[in-house]
Amino acid sequence: MNYQILLGYGLYLTALIVTMEISIFFYKINKTYGMISSAGFYTGSVLITEIFANKLVFFIFGAVTGGVFVYAFTFVMDNMNVMLYGKTVARFNVLIAFIWEIIFIMHSQLILFLSGPPLPTAIGLDRILTFTPRIIIASLTAYLVSENTDIYIFSKYMNRFKTKLYLRTLVAIIPSLTLDSFVFTPLAFLFVVPLKVVLTIIAVQTLAKYLIGVLIGTPYLYRIDHFVKSYNQSKQV
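Residues numbered from 1 in each chain as written. Predicted model: local features only at pLDDT ≥ 70, side-chain atom pairs only at ≥ 80, totals over all residues. Heavy atoms only, no water.

Asks: I'd like a description of the overall build of the protein, backed by residues and values.
Replies: Along the backbone of the protein there are 8 helices and 2 strands. Overall, the protein shows an N-to-C arrangement of helices and strands of α-α-β-β-α-α-α-α-α-α. Rg of the C-alpha trace for the protein: 19 Å, near the compact-globule value of 18 Å for 237 residues, within the 12% margin. With the C-alpha coordinates of the protein rotated into their principal frame, the extents come out at 65 × 40 × 40 Å. Restricting to contacts in the protein with at least 6 residues of sequence separation, those with at least 24 account for 75%. Accessible area for the protein stands at about 13,000 Å²; split by element, carbon and sulfur atoms hold 72% of it. (Helix = DSSP H or I, 4+ residues; strand = E, 2+ residues; numbered from the N terminus. Rg over C-alpha atoms; globule rule 2.2 N^0.38 Å. Contact = heavy atoms within 4.5 Å. Areas by Shrake-Rupley, 256 points an atom, 1.4 Å probe, with all protein chains shown as cover.)

What follows is the structure, given as structure tokens:
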């Protein structure tokens, strides 16, 4: 592993931490500011996922889409929003991001349809913003189903596993990430590529999401849990 890859992973983890910490910072100032910043970061993360969905990268288990790195963490952001603001706000963020996904796709297609000089940068942008209708439908469907499932399960088990945050996270994130792969991949690729390839994509994508969403996300949810308890105690004093 060369230094550029290590630097990339370092920047990736730093971006995740900074995103969460800024959300907490605004929450301390004003809860409304916190909700707005969380919605902005969440929507931005979902849009980043769409942009990098067309690039395949090698990651431990095999090739995954570049968007997996950010997308898996949106489930952690779902759980953070449930802990800080409740499931209603978390679901609203999912809806807003969904609307912005559609707006982004519509705007990007307009840019692609307009003619211009064949600059190298323009050609590269065309490749990034070219979306297959079937993949768009699969992506949006999987997003709505899996993200809302995660919010539902996580909020349902908040009281049951009050002292076992790791268990609550596993119970919510693992089924949701699995569901996402099993909804998206068949809708996007079934009958287009061999069934064996479809199953391989499901397995590799799901394992990568587990690694990111659970191993990276769980420690940070403990950070959020500690913050919520400390914040509530300070308000009672």
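We are not done yet, so read on.
Asks: Describe in detail the packing of aromatic side chains, supporting the description with residues and values.
Replies: Counted according to the given criterion, the structure contains 8 aromatic pairs. Taking the centre distance of 5.4 Å and the plane angle of 90° together, the rings of Tyr71 and Phe75 count as edge-to-face. Taken together, the positions of Tyr71 and Phe75, both in helix α3 (residues 68-85) and 4 residues apart, correspond to about one turn of that helix. Using a relative accessible area of 0% as the deciding quantity, one classes Phe75 as buried. Here the aromatic rings of Phe184 and Phe189 are separated by 6.0 Å at their centres, their planes lie at 90°, and the arrangement is edge-to-face. Judged by its relative accessible area of 19%, Phe184 falls in the buried class. Given the relative accessible area of 21%, Phe189 is considered partly exposed. These aromatic residues form a ring-pair network of at least three members: Tyr27, Tyr85, Phe227 and Tyr231. (Phe/Tyr/Trp six-rings, centres within 6.5 Å; stacked < 30°, edge-to-face > 60°. Buried < 20%, exposed > 50% of the residue type's maximum accessible area, 1.4 Å probe, protein only.)

Asks: Describe helix α4 (residues 87-113), naming the residues involved and giving the relevant values.
Replies: Here α4 is 27 residues long and its end C-alpha atoms lie 39 Å apart, about the 39 Å a rise of 1.5 Å per residue gives. Among the residues of α4, those classed as buried are Val89, Ala90, Asn93, Val94, Ala97, Phe98, Glu101, Phe104, Ile105, Ser108 and Gln109. (Expected span 1.5 Å × (residues − 1).)

Asks: Let's hear about the layout of surface pockets: which residues, and what values?
Replies: For the largest pocket, the calculated volume is near 670 Å³. Contributions of two or more residues to the lining of the largest pocket are made by α2 (31-51), β2 (62-65), α3, α6 (133-156), α7 (165-189) and α8 (195-236). Taken together, the residues of the lining of the largest pocket break down into 15 nonpolar, 11 polar and 4 charged. By volume, the second largest pocket is sized at about 440 Å³. (1 Å grid on protein atoms, 1.4 Å probe; cavity = no way out; pocket = protein on both sides within 12 Å on 5 of 7 lines; lining within 4 Å. Points joined across faces, edges and corners; volume = space filled by probe spheres on them. Nonpolar A, V, L, I, M, F, W, Y, C, P; charged D, E, K, R; others polar.)

Asks: So what about the nonpolar core? Which residues, and what values?
Replies: Counting residues in each nonpolar core, the largest one holds 52 residues, and the members touching the most others are Met20, Tyr42, Val64, Leu84, Tyr143, Ile224 and Phe227. With 13 residues, α3 is the largest single contributor of residues to this core. In this structure, Ala138, Ala142, Val183 and Phe184 belong to the second largest nonpolar core, which totals 5 residues. (Core = buried A, V, L, I, M, F, W, Y, C linked by side-chain atoms within 4.5 Å.)

Asks: Explain the packing of α6 against α7 to me, and be specific about the residues and the numbers.
Replies: Where α6 meets α7, the axes come as close as 8 Å, and the angle between the chain directions of the two elements is 165°. The orientation of α6 with respect to α7, classified from their angle, is roughly antiparallel. When you trace α6 past α7, the crossing you get is right-handed. (Axes fitted to C-alpha atoms, helices over the stretch in contact; angles between N-to-C directions. Parallel < 35°, antiparallel > 145°, perpendicular 65-115°, else oblique. Left-handed = near helix turned anticlockwise from the far one by under 90°.)

Asks: Which residues make up the side chain of Asp180, and what values go with them?
Replies: Here Asp180 is to be found in helix α7. For Asp180, a relative accessible area of 4% translates into the label buried. A polar contact of 2.7 Å, which involves the side chain of Asp180, links it to the side chain of Tyr71. Each residue touching Asp180, except ones within four places of it in the same chain, is listed here: Tyr71, Ala142, Tyr143, Ser146 and Lys209. (Polar contact = N/O pair within 3.5 Å; in protein donor to acceptor, adjacent residues only side chain to side chain.)

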